[in-house]
Amino acid sequence: MFLSTQDFATVVRSTPLISIDLIVENAQGEYLLGKRTNRPAQGFWFVPGGRVQKDETLADAFARLTQAELGLSLPISAGQFYGVWQHFYDDNFSEADFSTHYIVLGFRLRVEASDLTLPDEQHNDYRWLMPSALLAADNVHANSRAYFLEEKRAEVPGL
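Residues numbered from 1 in each chain as written. Predicted model: local features only at pLDDT ≥ 70, side-chain atom pairs only at ≥ 80, totals over all residues. Heavy atoms only, no water.

Considering the packing of aromatic side chains
Phase 1: Tallied over the entire structure, the rule returns six aromatic pairs.
Phase 2: For the pair Phe-62 and Phe-107, a centre-to-centre distance of 5.3 Å together with 70 degrees between the ring planes defines the contact as edge-to-face. In this pair, Phe-62 sits in helix H2 (residues 58-70) while Phe-107 sits in strand E6 (residues 100-110), placing the two residues 45 residues apart along the sequence.
Phase 3: Here Phe-107 falls in the buried class, since its relative accessible area comes to 7%.
Phase 4: Counting every residue linked through ring pairs, the aromatic cluster contains Phe-62, Phe-81 and Phe-107.
Phase 5: Across the ring face of Trp-45, the terminal group of Arg-127 is positioned such that the distance to the ring centre comes to 4.0 Å. (Phe/Tyr/Trp six-rings, centres within 6.5 Å; stacked < 30°, edge-to-face > 60°. Helix = DSSP H or I, 4+ residues; strand = E, 2+ residues; numbered from the N terminus. Buried < 20%, exposed > 50% of the residue type's maximum accessible area, 1.4 Å probe, protein only. Lys NZ or Arg CZ within 6 Å of the ring centre and 35° of its normal.)

Structure, rendered in C-alpha cells:
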C-alpha cells in the first residue's frame, strides 16, 4: 500500500515508523555503509534498511528490503535479530518542519560482497568499514554508530 505524499507526511508527523536496518558484514569483518541521498540523515553514511509497510509481515519486509537495498533477496532466517533501536531526527523526508521517529528492528547478516548489487536510489556511494573506523568517522550517522555501542540499544525487557 503506497500513500500519497500528503498522507505520508501526516503519518510521519503523527506517529513512529517501524523499520528494519541491516547491519551487513563481509568476510573480512567490515560493515556496509551507504551515503544517504534522502532526508532524514541526508549526506551521512548509514547502514542499509527501510520501512515496514502496512499489512506487510516482517519476513516479507526483510526479503523486500534485502532485495531493494542489497540486490539480493534473503529470507529473514538469513539475519540474526540484533535488537530494537530508536531513531529520532529533527527533519523528515519533505521540506516541511517536523521530526521523524523510527522504531528500528536491527538484523545482522553476513554476506559475500561479490553477491551484492548495490542500488543508487537511497545511497549514492558505498563503503565497507571495520567497526573501529566506523566508530571514529564523524560522517557516519550516530544512529549507525549506535549498532556498535551496546549502551545505545533501546531498553526492551526480555530482549
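Observations regarding the pattern of salt bridges
Phase 1: Summed over the entire model, instances satisfying the criterion amount to three salt bridges.
Phase 2: Taking the shortest distance from any N to any O, the salt bridge between Arg-108 and Glu-25 comes out at 3.9 Å. Taken together, the positions of Arg-108 in strand E6 and Glu-25 in strand E1 (residues 17-25) put the pair 83 residues apart, joining distant regions of the chain.
Phase 3: Residue classification places Glu-25 among the buried positions, given a relative accessible area of 17%.
Phase 4: The shortest N-O distance in the salt bridge between Arg-64 and Glu-56 comes to 2.7 Å.
Phase 5: For Arg-64, a relative accessible area of 28% corresponds to the partly exposed category.
Phase 6: Accessibility expressed as a relative area gives 18% for Glu-56, which makes it buried. (Salt bridge = Lys/Arg side-chain N within 4 Å of Asp/Glu carboxyl O.)

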